[in-house]
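What follows is each chain in one-letter form.
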Amino acid sequence: MGNKISSSSHYEPLTFEAVYNDDDPYGSKDSHNSYTTSVVASNNNDDHAQLQVYTDTSGDEILLSEPSPRDKVAGKASYGTIAGFAVIINCIIGTGVFGLPYAFWEAGIPFGIILTVIMFVLTFVSCCWVLELMARAQGYQRVTGDHAIGDGSGRKPLNNLVYEKFDYTKCCQTFAGLPGKIVSEIVMTFYCYGCLWASVSVFASSLSSLVLEFVPSEGHCDIYKDPSSACQGAYYASAVFFGICVVTMSLLDVTQQIKVQMFLTGYRFVGFALMLVTIFVALGVAGPLPPPSYSASTSSASVEVASFQASDAWGFHPSGFAILVTSAAYAYTVHYNMPDALTPVRNKYTLRQIMLAGLFTSMLFFLLMGIVCAYFFNGLTDPLVILNWASYTGLNGGWGEGTRTWYAWIIYTIITLYPILNLISVYPLIAISLASNLIHLFPKSFTEKRARIANYTSRIAAALPPIIAGTAFGDLDVIFTFTGLFAFFIQFFIPAVMWELSRRKMEKQFGKGAAISIYTSKWTSNSVSVWVGFTLGVLAFSAAILNVVNGFVKS
């Protein structure tokens, strides 16, 4: 069986066996990498009532760990794989999807398709790096941290995930020390605040548009295009209402919101399907909308221009690259949410599958929304595409001139509520993830003695400032571009660098193979793929910066 920790008055060894496939360290044959183990059970009913000492086939102790990833730790709230998928979907499909159609129009639909697919592949690979980083951080801390038995010498860590959350900053600090912690906190703070800022703008503009549609004297409200005083007032009131809702929800843990998250995931699919159906019906009846400078007449001139504009959507427009690449990076970024969303999942072996399913489903959403909306709305595509349904009448396929029909009111209301409810579910998830990193700004002694106060203070600090910023300034084009630049750091730079640093540190301290985790794969877990992904991220980021600077110079 191998060497075990000897019994004492405090511990009694219990044993069971599992198999580690030494011939297949990257899990290509068996993704459930495991080890021969012995269990050390405490006689006391404390928080560490069960610990596992994993040993390799030569009999050397290699890990001190908590129970199996499949086991539920007492007192820790958790949920299943489907619920985990729902939470991930809510994390990915947030405000970013509503800006993609405008980006597709600006850069051209073919360009949008290619970049969206490429970003899906790169994002999944980098999410695998984050999973490995989280598992390595837990394995490393269980051997060398405060609760390790002995000094950790002679043991190699078995890197898996249990129910102790290792957020982005904690992982970076584990392997890169104080510099890693500082860089992670700066990038996370700017990016998450940007996401929350955009959420406020999208929610307030959507709700104000919906509310004023029911006020006959006001009519259509578009805060981005020549808003009236009533429209601005409704926007401010909507932002305050949103703040009250989401700040309250941000004080709850993710597991306490799971029923709300599941419901809003279902509504997300319904709203998305209804948006596509209305556009497909309109395309079948009347075709793409004519460009802004022409009315929807039947004159040959307007038909020719509309045809030209629609075909132009299928070209390549380099000038739109910056808005497309930053919008796509912003839409796909989920890495900072992974610790909060995936740690409560009971079966930790399914986490790669959950991420793959969530990202692939999101890619389909992004492609359909980008292609269909950019083609149909033509040059009328709004930076917040949901506002294009403000002119939906149900006549002549849907966007014909005239008084809105009763069923068009229902459709318009359901679709406009889509981003409103969507953001109520997404905002707290982002705020909680940001708070998990902000809490590290407090002294450790304070967070240990005043854990509840530190937790609530960090969540309020994460959730409240974007409400103020979104109320004062809500230009989505600027917000998406600003936030998308930081998304590159979270998606590519930090995961790639930390994956390599963690591998080197663990192999230097524990020997070859010490960095292998239950999420290791021969396709993504090698230095070549890591540095290729990093290089592509650098190139895309550099090109986006150049386009942004060029745009400012021209303007």
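Residues numbered from 1 in each chain as written. Predicted model: local features only at pLDDT ≥ 70, side-chain atom pairs only at ≥ 80, totals over all residues. Heavy atoms only, no water.

**Some thoughts on the environment of Asn160**
Structurally, Asn160 can be placed in the loop between α3 (109-144) and α4 (168-213). Along the backbone, Asn160 and Ser517 are 357 residues apart, and their C-alpha atoms lie at a distance of 6.1 Å. Within the structure, Asn160 has its side chain in polar contact with the side chain of Arg142 (distance 2.4 Å). (Helix = DSSP H or I, 4+ residues; strand = E, 2+ residues; numbered from the N terminus. Polar contact = N/O pair within 3.5 Å; in protein donor to acceptor, adjacent residues only side chain to side chain.)

**A look at helix α11 (residues 406-438)**
An α-helical turn contains 3.6 residues, so any two residues separated by three or four positions project in the same direction. Taking 1.5 Å of rise per residue, the 33 residues of α11 would be expected to cover 48 Å, and the 48 Å separating its terminal C-alpha atoms lies within 8% of that figure. If you look at α11, its biggest bend is around 30°, right at Tyr418, and the proline Pro419 turns up within four residues after that. Most of α11 sits out of view: 25 of its 33 residues are buried. (Expected span 1.5 Å × (residues − 1). Bend = angle between axes of the 7 residues up to and from the residue. Buried < 20%, exposed > 50% of the residue type's maximum accessible area, 1.4 Å probe, protein only.)

**Description of empty space enclosed by the protein**
For the structure on display, the rule yields 1 cavity of 30 Å³ or more. By volume, the largest cavity amounts to about 90 Å³. Looking at the largest cavity, it is lined by 15 residues, and the ones nearest its centre are Cys91, Ile92, Gly94, Thr95 and Tyr330. Within the lining of the largest cavity, the residues separate by chemical class into 10 nonpolar, 5 polar and no charged. (1 Å grid on protein atoms, 1.4 Å probe; cavity = no way out; pocket = protein on both sides within 12 Å on 5 of 7 lines; lining within 4 Å. Points joined across faces, edges and corners; volume = space filled by probe spheres on them. Nonpolar A, V, L, I, M, F, W, Y, C, P; charged D, E, K, R; others polar.)

**Topic: unusual backbone geometry**
The backbone phi angle of Asn396 is positive, close to 50°, even though this residue is not glycine. Along the chain, the position of Asn396 falls in the loop between α10 (351-377) and α11. Judged by relative accessible area, which is 54%, Asn396 ranks as exposed.

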